[in-house]
Structure formats: structure tokens, C-alpha cells
Amino acid sequence: MLSRIMSYGLTGLTGFPVTVEVDIGYGMTKFETVGLPDNAVKESRERVRSAIINSGFNFPETRIIANLAPADIRKEGSIYDLPIAVGILCACGEIKNWSVEDWVIIGELALDGSVRGVNGVLPMIIDAKARGYTKVLLPKENAAEAMYIDGVTAIPVSSLAEAAMFLRGDKHIDPQPLTVWRAEQVEYDADFALIKGQQSAKRAAEVAAAGGHNILFIGTPGSGKTMLARSIPSILPPLTHEEALEITKIHSVAGIMRGKNNIVTERPFRSPHHSASIPSLVGGGARALPGEISLAHYGVLFLDEFAEFPKMVLEALRQPMEDGVITISRTAAKADYPANFMLVAAMNPCPCGNFGSRTKPCKCTKYQIERYLGRISGPVLDRIDIHVEMTDVDYDDITSKQLGESSAAVRERVTRAREIQNRRYIDDGIIMNSQLSSKLVKKHCILEDDAEQLVKLSFTRLNLSARAYNRILKVARTISDLAGDERITRAAIAEALQYRSVDSKYWGAE
């Protein structure tokens, strides 16, 4: 007997249909899986055998072949356990073939027959809907990921026996209810109101958040660099439905969404340790899984102790910082992941941390300082739009009882600036000023006359590169958006230039 079950596979963030063909015929007792399976798929034979027996069904002691088509695409993971088991039950006559024709079935099986969750369910369901498949049988653990996909009937099951009873019509299971997306107000532990002093740094953080610009905080220990960086998510605009789905797809592939009862509702904040490797940061491994830069998509990637990261790791950030996407190529897999993140970096100015301090002497030699700062290459530094120096906080600021401006108030201005950008770039395929290409900079960064004179003067005196020139205009565009100005003003250019002035002090550059 032959049965066919529709299932799904995953390549990067893209799902693709897989037909599970199960044939039970005469011959030596053998259970074989073909169709370019990896080790996890090959091992499904033992999981499926035990799950069928422990669910109360008879396992056919004959020749069984499970083919995963198309056979030229590698199949990975335990996602095919449930469709293979259902295919065997169909081929044995336990389930009628016609009852499974319209269903996409995915799930891992435990030895006792219970169904476990798998990774990457959301991108599979989205692709299945686009191809016309509207009925999905999936693990109960993954059901929450289908809550926001309209037009799909998702049936959650907790065991093979329950799936079989549903497909035979012996048991009714309510579909996973559709939930209307509503942006949630997230409560943050960190708030701008709690940060003492550092008004210029908080202003720079507001500009960075408004335009999605990368920002570097450099200053002495205890000046508030980390606290300010961790407060930036509290001033970012709420997620849209489209952004939430795209983030959830990435997190689903990485396995972060397992067991969670919702899709992502807040912008990611990823803070890897400075001992992180290149694959952990940009993605990789045998299955080409997403790394920290993709998990931070539409959110913040915070690299504390920036200069302590291996130089090769920082150099690996150059291409995704510029393009907003990372392509991971491995022998057995290739995947494209979005990486439109906001880089927030924090570092000390020297090994001892006191270079530039008003209260503590620096014990480092000039050579030690240059070597330490030299860990940040010019190309990496050039891709960070805003550089801010943070000095020791005054005693009066620390002891002040007066709270500063709250994150909620700053977020309102940031959100208005983002809305201006969304309307402006509606036909250009981007959403933020930081994504402006050289062509779009000429189109949208229109300067007032006195602002243009200041840019010309600065380009000559500061010996700016073409990239630095464009980035100054992007930052100035954001500053003007915060002020509600249609054209870039001289004041906006002056402030944007100020955010590049730290380079000359520490790196002797622009």
C-alpha cells in the first residue's frame, strides 16, 4: 500500500513543501528513509516505530520505504516524524488516505507517542498559505505561532493517537483561534529618567534611535555607558505586525519560540559576550542557523567592551552593517537572513579605562592606548554613524533628586520621526534614514544654503571620506526630522559633525 502525506521543510527563512511517500510492500523486514535525509531524519525510524507501538497501533513487520520528495533537497531535523508515522498508519489502513489529502503535517515524536515542538513553524506556515495549503496539523507546543496567520486552519495535537483520531473523525479538535494583532506596551526596567547627567549622550541616543543609526559610546568606567545602552530599547517605536512576524520567523528558526504562547511583541535586545565567535555572531554551523545579528533584526545589538571582541569578529560585521542582510554558506546548507539591526557599542578609552578622566589618572602608555584603540579598524569605525564621549558624572548630578526626561516622552519624538521617514520612503523600499543609499541621499537629503556651505567647509578641513560625508548627511536628516524640518538645517549639520569629532581625539582621524 502507498500513502502520501504533505509536510514541510525549511531552508534559511524559506519553507518548501515536502511530500512524504510511504510504501509498505512484501519483502525482508526493513524500514528505510530516502530522499537525502540527514542523521536526525534517518533516526526517525526508531522514534516512529516506538511511537506507533506505544500509541496502541500495530507496527507492520514488513518492508517499509519512506521517501521525502523532492529528493534533491536535503531534509533536516525531526520535523518529519509525525507525517511519516501518519503515512504508515494510512498505508496500513488505520487512517483513510482521503482524510489526509488536504493537510500539511509537521511534528517530532517522542517514544511514547507524544508530539513535541519543532523549530521554524512560522515561516513554514506562511509559505504553505502562499502556495494554497490552508490546513495544518502541528504540535500543540507550536500552535501559538499560527495565531496571527489569517486564512489558515491550524489544528494542535499533543500525541500521535490524538492526531489519528482527529484524521479518522473520531475526535473533534478546535482550530487554534486567530488573534488580532495589537502592539503591546512593554514595561522596561531601564529608563532614561534614571540616568543621571549625560545629557549630550542621551540626545545622541535619541538621534540614533530615531534614524536607526549605529552608535558608539566611549568613556571611563562608571560613566553610564552600559546603562544608557540598555535604556535604548525603551525609546524605540512599538513593533508593527509585519516587523513582529519577521522577527518571530527568525527566532522560530533558531528555536527561541518553542513553548512561548505568543509571537515577539518587543524589539530584540541582544548582548553577546565579548568572547563570542564569528559563527555565533553572524550565524553558521552545519545547518546555517541565524546568529546574533539576525536575532537582533529590527532591534538592538549591544556589544559591550567593544574593543575586547576579537578583531576578526568585528570585521565580520562590516558587510551586514552595510547591507542589512547576511548570507551564510556552508557545505550542506546556504541561507540568507535579514540583519537590519541597530549596533550600540560601548568601550573604555584605554586598557585601564581612565584616559580622559577628570578625577583618575591614566596609567597606560601612549603605545598601549594606540594598540588598544587600534583593535577597532577604520572601516568598522566608519560604519558607526554616531560617536559619543562620556565623561565622569558630577556629584551634583548623582545626588540630584530631580528625575530626567522619561523614556516615554523621548519615545514619542522618536516615533514621530520614524513616521515621517516611513511616509517619505514609501516608494523607495526602506523605512529609516540609516538605510539611505548614495542615490537616495542625493534625493532626500536636501540642504539649506547655509547648511551646504558648512558641509563644504567641513569636508575640506576634516578631510572626510565619501562614506563619512554620506553618513553625516543621514544623521543630519534624522536631526531635522526630530525637529520637524523638511530641509536639513545648518544646526542639524553642526550637530551631526559633532558626533564625528571624537575620532580625532582617540583615533587621530576625521
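In what follows, the accompanying structure is described.

Calculation rules
Residues numbered from 1 in each chain as written. Predicted model: local features only at pLDDT ≥ 70, side-chain atom pairs only at ≥ 80, totals over all residues. Heavy atoms only, no water. Helix = DSSP H or I, 4+ residues; strand = E, 2+ residues; numbered from the N terminus. Buried < 20%, exposed > 50% of the residue type's maximum accessible area, 1.4 Å probe, protein only. Contact = heavy atoms within 4.5 Å. Areas by Shrake-Rupley, 256 points an atom, 1.4 Å probe, with all protein chains shown as cover. Lys, Arg positive; Asp, Glu negative; His and termini not counted. Charge placed at Lys NZ, Arg CZ, Asp CG, Glu CD. Axes fitted to C-alpha atoms, helices over the stretch in contact; angles between N-to-C directions. Parallel < 35°, antiparallel > 145°, perpendicular 65-115°, else oblique. Nonpolar A, V, L, I, M, F, W, Y, C, P; charged D, E, K, R; others polar. Salt bridge = Lys/Arg side-chain N within 4 Å of Asp/Glu carboxyl O. Polar contact = N/O pair within 3.5 Å; in protein donor to acceptor, adjacent residues only side chain to side chain. Pairing = 2+ DSSP bridges. Core = buried A, V, L, I, M, F, W, Y, C linked by side-chain atoms within 4.5 Å. Phe/Tyr/Trp six-rings, centres within 6.5 Å; stacked < 30°, edge-to-face > 60°. Disulfide = S-S within 2.5 Å. Patch = residues over 30% accessible without salt bridge, like charges linked within 9 Å, V, L, I, M, F, W, Y side chains within 5 Å. Expected span 1.5 Å × (residues − 1).

A few words now on the overall build of the protein chain. Within the protein chain one finds 21 helices and 18 strands. Summarising its shape, the C-alpha atoms of the protein chain cover approximately 85 × 45 × 45 Å along the three principal directions. Looking at the 510 residues of the protein chain, the share that counts as buried comes to 53%. Pairs at least 24 apart in sequence give 74% of the contacts found in the protein chain among residues at least 6 apart. Here the protein chain has roughly 22,600 Å² of accessible surface; of this, 50% comes from carbon and sulfur atoms. Positive and negative side-chain charges of the protein chain, numbering 60 and 62 respectively, have mean locations separated by a distance of 4 Å.

We now examine the packing of helix α6 (residues 199-211) against helix α19 (residues 466-483). Helices that pack against each other are described as a pair by the angle of their axes relative to one another and the distance between those axes. The N-to-C vectors of α6 and α19 enclose an angle of 95 degrees; their axes lie 9 Å apart at closest approach. Overall, the two elements α6 and α19 adopt an arrangement that is roughly perpendicular. Side by side, α6 and α19 meet where R203, E206, V207, A210 and G211 of the first sit next to V475, T478, I479 and L482 of the second. The residue inventory of the contact of α6 with α19, partitioned by class, reads five nonpolar, two polar and two charged.

With that out of the way, let us pick up the environment of Q176. Looking at where Q176 falls in the secondary structure, it is placed in the loop between α5 (160-168) and α6. Expressed as a C-alpha distance, the spacing of Q176 and A286, which sit 110 residues apart in the sequence, is 33 Å. For Q176, the contacting residues outside a window of four places in its chain are A143, A144, M147, A154 and P156.

Bringing the pattern of salt bridges into the picture now. Tallied over the full model, the rule gives 24 salt bridges. In this structure, the salt-bridge partner of E21 is R4, at a minimum N-O distance of 3.5 Å. In this pair, E21 is assigned in strand β2 (residues 14-25) and R4 in strand β1 (residues 2-11), connecting sequence segments 17 residues apart. The class for E21 is partly exposed, based on a relative accessible area of 22%. The exposure class of R4 is exposed, given its relative accessible area of 52%. Put simply, R168 and E94 hold a salt bridge, and the shortest N to O gap is 3.7 Å. In this pair, R168 is assigned in helix α5 and E94 in the loop between α3 (81-92) and β5 (103-105), connecting sequence segments 74 residues apart.

Here we come to the environment of H213. Tracing the chain through its elements places H213 in the loop between α6 and β10 (215-219). Put simply, H213 and F341 are 128 residues apart on the chain and 9.1 Å apart in space, counted from C-alpha to C-alpha. Ignoring sequence-local partners within four residues, the contact set of H213 consists of V207, A208, M342, L343, D385, I386, N433, S434, K474, V475 and T478. Of note is the side chain of H213, whose polar atom sits 2.8 Å from the side chain of D385.

With an omega of 5 degrees, the peptide bond between A69 and P70 qualifies as cis. Looking at the element boundaries, P70 is found in the loop between β4 (63-69) and α3. In this model, Y298 sits at a positive phi of 65 degrees, which is unusual for a non-glycine residue. With respect to the helices and strands, Y298 occurs in the loop between α10 (292-295) and β14 (300-304). The backbone of E305 sits at a positive phi, close to 55 degrees, despite the residue not being glycine. In this fold, E305 is placed in the loop between β14 and α11 (311-315).

With that settled, consider the pairing of β10. β10 sits mainly inside the fold: five of its five residues count as buried. The side-chain alternation of β10 yields two buried faces, one formed by I215, F217 and G219 and the other by L216 and I218. As judged from the four bridges shared by β10 and strand β17 (residues 342-347), these two strands associate in the parallel manner. When the sheet's bridge partners are listed, I218 is paired in β17 with M347.

What follows is about the nonpolar core. I52, L82, V86, I88, L137, L160 and L167 are the most contacted members of the largest nonpolar core, which has 69 residues in total. If you tally residues by element for this core, the top one is α3, at eight residues. Once residues lying within four places of it in the same chain are set aside, the contact partners of I52 are F57, N58, F59, A85, I88, L89 and L160. Grouped together as the second largest cluster of nonpolar side chains are 51 residues, F192, I195, A229 and L473 included.

We now examine the packing of aromatic side chains. Across all of its chains, the model carries six aromatic pairs by this definition. Seen from their ring centres, F31 and F59 are 6.0 Å apart, and the 40 degrees between their planes marks the pair as tilted. With F31 in strand β3 (residues 30-34) and F59 in the loop between α2 (44-54) and β4, this residue pair connects regions lying 28 residues apart in the sequence. As far as the burial class goes, F31 and F59 line up, both buried. Between the aromatic rings of W103 and F166, the centroid separation amounts to 5.4 Å while the plane-to-plane angle is 85 degrees, which identifies the pairing as edge-to-face. Linking W103 in strand β5 with F166 in helix α5, this pair joins segments that are 63 residues apart in sequence. Connected via pairs of aromatic rings, a cluster forms that spans F355, Y506 and W507.

Another aspect to go through is the state of the cysteines. Tallied over the entire structure, the rule returns zero disulfides. This cysteine, C352, is not joined by any disulfide, and C350 carries the nearest cysteine sulfur, 3.5 Å off. Look at C352 and you get partly exposed, because its relative accessible area is 28%.

A word on a nonpolar patch on the surface. Together, L194, M227 and L403 make up a nonpolar patch on the protein surface, roughly 290 Å² of accessible area in all. Looking at the element boundaries, L194 is found in the loop between α5 and α6.

Moving on, we get to α3. Relative to the 16 Å expected for 12 residues at 1.5 Å per residue, α3 spans 17 Å between its end C-alpha atoms, a close match to the ideal helical length. Across the 12 residues of α3, 11 count as buried, placing the element largely inside the fold. Those residues of α3 lying buried are D81, L82, P83, I84, A85, V86, G87, I88, L89, C90 and A91. Directly beyond the C-terminal end of α3, a positive phi value near 90 degrees is found at G93.

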